[in-house]
Amino acid sequence: MSRVIGIDLGTTNSCVTVLDNGQPTVIPNTGGYKTTPSMFAISQDGKRLVGHLAKRQAITNSKNTVFAAKRLIGRRFDSPEVQKSIDLCPYEIVRGPNDDPRIKIGGKTFTCPEISGIILREMKRVAEEYLGEPVQEAVITVPAYFNDTQRQCTKDAGKIAGLEVLRIINEPTAAAMAYGMQRNQDEKIAVYDLGGGTFDISILELSEGVIEVLATAGHTFLGGEDFDRRIVGHLVEWFEQAEGIDLRTDTMALQRLKDAAEKAKCDLSIRESSEINLPFIASDAQGPRHLNYELTRDTLEGLVSDIVDGTLKTVEACVRDAGVQAQEIDQVVLVGGQTRMPLVQKAATDFFGKRPHKGVNPDEVVALGAAIQGGALVGKDQNVLLLDVTPLSLGIATYGGHFARLIERNTTVPVSKGHNFTTTRDNQSAVKIRVLQGESENASDNDLLGEFVLSGIRPAPKGEPEVEVSFDIDANGIVSVSARDQATGKEQSITVNATGTLSDEEISQIIEDNELYEVQLKG
Amino acid sequence: MSEPGEGDEGRKILGLSAGCDPTALQLNPAEGFLLSRIDGQTPWRLLREIGGLMPEEVDLCLETWLARGIVDVAGLEEKKEPPPSQAPPLETRSERSRDGGAPPAPHEPPEAIDESQIDRDLDLSAEVQRSILEFEARLHRPYHELLGVERNADVKQIKRAYFNLCKDYHPDRYFRRKIGDHAGRLDRIFKKILEAYELLSDPTTRAEVERSLDAVPPPPGGGPQRPLSKLERLRQRMPFKIPEAVMNERRAKAADFFDAARFAMENQNYVEAASSVRLAIAFDPFNDEYKKAFAEVQGKATEMRAGRLLEEAEGMDSSRMKEAYRLYEETLLYRPHDPAVNDKAAELALEMGELDKAFEYAERATLHSPQVGRYHRTLARVYRSKSDAGHAVRELQNAIELDPGDEEAKKMLDLLRPRRGARGGN
Ligand SMILES: Nc1ncnc2c1ncn2[C@@H]1O[C@H](COP(=O)(O)OP(=O)(O)OP(=O)(O)O)[C@@H](O)[C@H]1O
Ligand SMILES: [Mg+2]
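Read on for a plain summary of the structure. Being a predicted model, the structure only gives us computed values, none of them experimental. (Residues numbered from 1 in each chain as written. Chains lettered and ligands numbered in written order. Predicted model: local features only at pLDDT ≥ 70, side-chain atom pairs only at ≥ 80, totals over all residues. Heavy atoms only, no water.)

On a plain count of helices and strands, chain A comes out with 11 helices and 29 strands. The burial tally for chain A puts 59% of its 523 residues in the buried class. Restricting to contacts in chain A with at least 6 residues of sequence separation, those with at least 24 account for 64%. Element-wise, carbon and sulfur atoms account for 47% of the exposed surface of chain A, whose accessible area totals about 20800 Å². (Helix = DSSP H or I, 4+ residues; strand = E, 2+ residues; numbered from the N terminus. Buried < 20%, exposed > 50% of the residue type's maximum accessible area, 1.4 Å probe, protein only. Contact = heavy atoms within 4.5 Å. Areas by Shrake-Rupley, 256 points an atom, 1.4 Å probe, with all protein chains shown as cover.)

What follows is the structure in C-alpha cells.
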C-alpha cells in the first residue's frame, strides 16, 4: 500500500508532507525549498511552468502567469470576489459555461479546479521523487470557512491531479493536530491563520488525543495579498504625485510593484524600514523614471491596521461561538506567513492577553497536520481522533425568502437533524426544497447547494401537510438532504456535494488532456 | 484457579441435563430467570452478566446446579481471536477506564444481542462487533447512561466520557475497513452519543432532559424509557435552543395570525380562518386556546373547501390538466352529485386516458341533469373513445335535441355517420 501524503494547497504557497515512522515530515522540492509557490504559467514558447519556475518569470510574463487561483475556486463568476479579482489580476478571467470563472492564459482556457489540479500534481510529483514510489492518496487542506462548493472543487482538483482525496480538512484544524502532536495535556487553543489569501480562526479543545473543534470562523477573501495591494496602492499614489505618471494601467509596472511590495512587507517584519528601488518603472517624454521609496513599518501599519482590526472582530465572534472566554484559551497558535508581521502578533497578543506559542513553523504546520490526519484515518497507530465541525449553517429556504437553519454552524459531524415544514398555499401539491449554506437570515444571500421538488402532497389547506426535512452530514462531510411527506410517506432526497462546478465527464476530459500533455513533455 | 467469569471457565457453555425437570426445583424468581437462560448456547461469562443476580451469585447457582446434575457443560465458547497487532480502539476501552480515565461502563446489564450479527469475515474482531451491537441495543437508554456517567456528573466528566466513547465509536476509527452493517450502526451510535453530549453539556437542554427523566421514573432494572411524544422527539432532534427574543417574536406572530383567524371566522370565511389558526399553532405550538379553536373551525372549513377547489380548478389552463383533474376528483369527494363537476371530471379523465373513470363521471352527470345537452356530448365522446359508435351517436343526437345550437356535437355526429353509412352500404 502506498503512502498517504498531506498537502496544504495554499493561496500563495503549497506544502507537501508524509508520515515518516509516525513522524510528520515536510518534503522539500527539487530546489530544496519546503514550500512551492502556487503558481502556474505558460511561457512565451508554450512551456508549462509550475511553482518556482512559474514565479521566476511572473513579472515578464504576467498575463500568462496564474497566481492565487484559490481565491476564485468554487465561486460564481458574478460574485464580488471574482469581479474584484478581474480588476486586480493581470491574467484574464472569463465566464465559463457553468457560470464559473475560468482562466485564459497562453491561448487556452483553464477551469479553477484544473489550475489547482496542476499545482497538486506538482506536489504529488515532489513527493514521489522524494519517496521513490508512486503516491495515490492524499489529505488536502482548505480554509475552514470554505463552503461546500469550494471544497468539492478542491476535491475535483485532487482527482485531476490523479490523487484520491481521502479527506478534505480545515487548515486551522490541521495546524491544531500538528500542534497537539507535540503536547500531552488537556488544553483549549486558538489557531489564528492569516495566509496569502484567506483568514481563519478556530477554537479547539485537545484532550488525550481527541481534538474537538469548538468553533471556527473566517474570511475566504482576506490575506497577505490584500496587504500587498495596500502597499501597491500607496506606491502608485505616491508616484503619481511625485512624478505625475499613473502606473495603474501598466501591467508590467504593477507586477513589479506587487513583487517589491511583498518583499518590503516581509522585510518590515524584522526591520523598521525598507528601501523600494524600481529603476525604469516608467518613462515619458522626459525619459525614463525610477521609483525610489523608503517604506517604514509605521507607514505599513497605518496602511493595513483596519484589516488587522477586522480579523479581531471575527476572532471575537468565534470565541463567543465556542462558548469560552478569551482568557480561558491556554495557547494561541499563529499560522500563515502573514502572522510574521509584528502588528498581527501584537493584535493577537493583546486580544488573548498572552504571547502566541512559538513552537510551530507557520508555513509548514498545516501540511504536517494533513499528514497526521492521513495517518489517523488509514495508519496503524490511531492515537489521534479529530472531531470536526461544519463551518457554515445549513438549511432551507422558506416562505418569504427566509433561511431556516437545520444544522447550525460549528456542529460536530457526522450529524443528522430534521424538522417539520408545511405548505403555504391551499392545496399546494409540491414543495421545492432549496438547500442553502450560509449565515444570512435572507435565503438569497446564502449559497445554494442544490434543490429538489417533493410532489404528490395530498391536497389540504395551507399549513396542514407535514413535510419532514432531514439533513445528514457524514464523516466525510457529504451532505444529503431528504424531504418526506408524513401523510403519504413519499420521499425525495439529494446528495448535495455532488455539485462541484465540473461534471465527471469534464474531469475525465481534463485528466485525459493533461495526460496527453505529460506524454508530450517526455517525448 | 481462574475466575469463572473470565478464562476458560467463563467460556463454558451450559445446557439443561436430559431428563431433568426444572419445575421440581425450589428457585426464587431471579434464579428461575437464570435457569431459563441456560440454552446450550450462552457461555457462563454472559450468564454472569444477567440482571437480578450478582456475578458471584450466578457462579454459585451454576456450580450448585452442575454439581447436582441439573445442568451439563454442553461445550466451549470459541476462543476469542488473538488481539491483532493493530489493536482496534474498542478493545482498549477497559484499559483506559482502569487508568481512571473513562467512567465505568454503564451499570445496566448489556442488552441481549443477536450473536448471528457477528460476522467473522469482517475486518473487526468479534469482540468489537459485540460491543457495537451491545451499544446499539442500548441506544434508547437515557442519555447519561449512554455516556456512562452519573446523573449528577459535571461538564468535565461528561466531556471526558464523550471523548472516550468517540475514540471507540467515531466512524473515522474504521475508515475504509471492511465493517459491513456495522458502518450504519457506528453512524447511529456516534450521532446518538453526540446528541447526548450536546444535550447534557448545555445547562438549559440538560434541565429539560432531567425533567423528562424525573417525570416517569424508569422501571426498576433500567427498562426502556417511556416512549416520547412526537413533540419531545422533535425537540430532541432539534436540540438547539430558540432564543427568547425569537420566541417572543414568534408568539407575537402567532397572536397576529389568531386575530386574523377570528376576523375571518366572523366573516364566515372558515377556510381562511382554519389556515390562520394553523399558522398560529405553528408559531406557538404550546397555546391551548389556539388548539381548541382549531377543532371548531376545521369542521366548518371543510364545507367550504369544495367550493374553493372548484373555482381553483376552473381557473387552470390545459397545461395543468393533471392538477385540475386531481382537484376535480377531490371536489367530488365533497360534492359527488354535482353534474357540472362530474362533467368536467369526465372530460379531464378522457384527456388523461382514464376511460372507465370518464365513463363513470359522464354517466353520473347525465343521470343527475339529463336535460343538459353538453353532458350528453361528453358522454358521447367517452363512448367514441371506447369505440362504441352506436351509443356515441345516440348521445350526440340527445345532445343536439336538447341544444340545437351545439355545433361541436353536430360536427362529431357528421364524422361518425359516414362510417356508419359506409358500413350500411356494404
Ligand atoms: N516575514 C513575513 N512577514 C510578513 N508577511 C509574510 C512574511 N512571510 C510571508 N508573508 C506573507 O504571507 C503570505 C503567505 O502566507 P502562506 O504561505 O501561509 O499563505 P498560503 O498558505 O499560501 O495561503 P492561504 O493559507 O491563505 O491559502 C504572503 O502574503 C506573504 O507575503
Ligand atoms: Mg495557508
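Let us keep going from here.
Attention now goes to the packing of helix α5 (residues 171–181) of chain A against helix α10 (residues 365–378) of chain A. The geometry of a pair of packed helices is captured by two quantities: the angle between their axes and the separation between those axes. Residues and elements named next belong to chain A. Where α5 meets α10, the axes come as close as 7 Å, and the angle between the chain directions of the two elements is 80°. By the angle between their axes, α5 is roughly perpendicular relative to α10. Of the residues in α10, those touching α5 at E171, A174, A175, M177, A178, Y179 and M181 are V365, V366, L368, G369, A370, I372 and Q373. Looking at the contact of α5 with α10 residue by residue, the class counts come to 11 nonpolar, two polar and one charged. (Axes fitted to C-alpha atoms, helices over the stretch in contact; angles between N-to-C directions. Parallel < 35°, antiparallel > 145°, perpendicular 65-115°, else oblique. Nonpolar A, V, L, I, M, F, W, Y, C, P; charged D, E, K, R; others polar.)

Bringing the interface of chain B and chain A into the picture now. Tallying the contact residues gives 41 residues for chain B and 51 residues for chain A. When the two sides are added together, the surface that chain B and chain A hide from each other amounts to roughly 3800 Å², 49% of it contributed by carbon and sulfur. Linking chain B with chain A are 10 salt bridges, by the criterion used here. Taking the shortest distance from any N to any O, the salt bridge between R167 of chain A and D172 of chain B comes out at 2.7 Å. Where chain B meets chain A, there are 12 residue pairs in polar contact (both at pLDDT 80 or more). Residue assignment for the side of chain B that touches chain A shows that the elements contributing at least two residues are α8 (155–169), α9 (182–201), α11 (230–237), α13 (270–283), α14 (288–314) and α15 (321–334) of chain B. When residues in the side of chain B that touches chain A are grouped by element, the largest group, seven residues, is from α8 of chain B. For the side of chain B that touches chain A, the residue count by class is 16 nonpolar, five polar and 20 charged. (Buried area = accessible area lost by both parts, 1.4 Å probe. Salt bridge = Lys/Arg side-chain N within 4 Å of Asp/Glu carboxyl O. Polar contact = N/O pair within 3.5 Å; in protein donor to acceptor, adjacent residues only side chain to side chain.)

What follows concerns the nonpolar core. Residues I433, V469, F471 and V481 of chain A together with L147 and Y162 of chain B are the most contacted members of the largest nonpolar core, which totals 56 residues. Considering each element in turn, this core owes the most residues, nine residues, to α9 of chain B. Core analysis: the next-biggest nonpolar cluster, separate from the first, contains 52 residues, F199, I203, V324 and M341 of chain A among them. (Core = buried A, V, L, I, M, F, W, Y, C linked by side-chain atoms within 4.5 Å.)

In most cases, non-glycine residues show a negative phi, while peptide bonds are predominantly trans. Residues and elements named next belong to chain A. In this model, V413 is joined to P414 through a cis peptide bond whose omega is 0°. Residue placement: P414 occurs in the loop between β23 (411–412) and β24 (415–421). In this structure, N21 is a non-glycine residue whose phi angle is positive, near 55°. Tracing the sequence through the fold places N21 in the loop between β2 (13–20) and β3 (23–26).

All names here are of chain A. Contacts to ligand 1 come from 20 residues, most closely from T11, T12, K70, K265 and S269. E262 places a side-chain nitrogen or oxygen 2.8 Å from an oxygen atom of ligand 1. For ligand 1, whose accessible area on its own is 650 Å², the fraction buried by protein is 91%. Elements with a contribution of two residues or more to the shell around ligand 1: α6 (224–243) and α7 (251–267). A per-element tally of the shell around ligand 1 places α7 first, with three residues. (Near = heavy atom within 4 Å.)

Next up on the list: the pattern of salt bridges. Inspection of the entire model under this criterion finds 62 salt bridges over all chains. Where R409 of chain A meets E439 of chain A, a salt bridge forms, and the shortest distance between an N and an O atom there is 2.9 Å. Of the two residues, R409 of chain A is situated in the loop between β22 (402–407) and β23 and E439 of chain A in the loop between β25 (431–437) and β26 (447–454); the sequence distance between them amounts to 30 residues. Take E439 of chain A: its relative accessible area is 23%, and that puts it in the partly exposed class. In this structure, the salt-bridge partner of K191 of chain B is D472 of chain A, at a minimum N-O distance of 2.4 Å. Here D472 of chain A lies in strand β27 (residues 467–473) and K191 of chain B lies in helix α9, a pairing that spans two chains.

Time to look at the side chain of D485 of chain A. Residues and elements named next belong to chain A. Structurally, the position occupied by D485 is in strand β28 (residues 479–485). It is R458 that comes nearest to the buried, bridge-free D485 among opposite-charge side chains, at 6.9 Å. Polar contacts involving the side chain of D485 include one to the side chain of T488, which spans 3.1 Å. Other than its neighbours up to four places away in sequence, D485 contacts L454, G456, I457, R458, E466 and K490. (Lys, Arg positive; Asp, Glu negative; His and termini not counted.)

So, about helix α4 (residues 148–160) of chain A. All names here are of chain A. For α4, spanning 13 residues, the distance from its first C-alpha to its last is 18 Å, which sits close to the expected 18 Å at 1.5 Å a residue. Burial runs high along α4: 11 of the 13 residues are buried. Among the residues of α4, those classed as buried are D148, T149, Q150, R151, Q152, C153, T154, D156, A157, G158 and I160. In this structure N147 caps α4, since a side-chain oxygen of it lies 3.0 Å from the backbone nitrogen of T149. In the stretch just after α4, G162 is the one whose phi turns positive, near 80°. (Expected span 1.5 Å × (residues − 1).)

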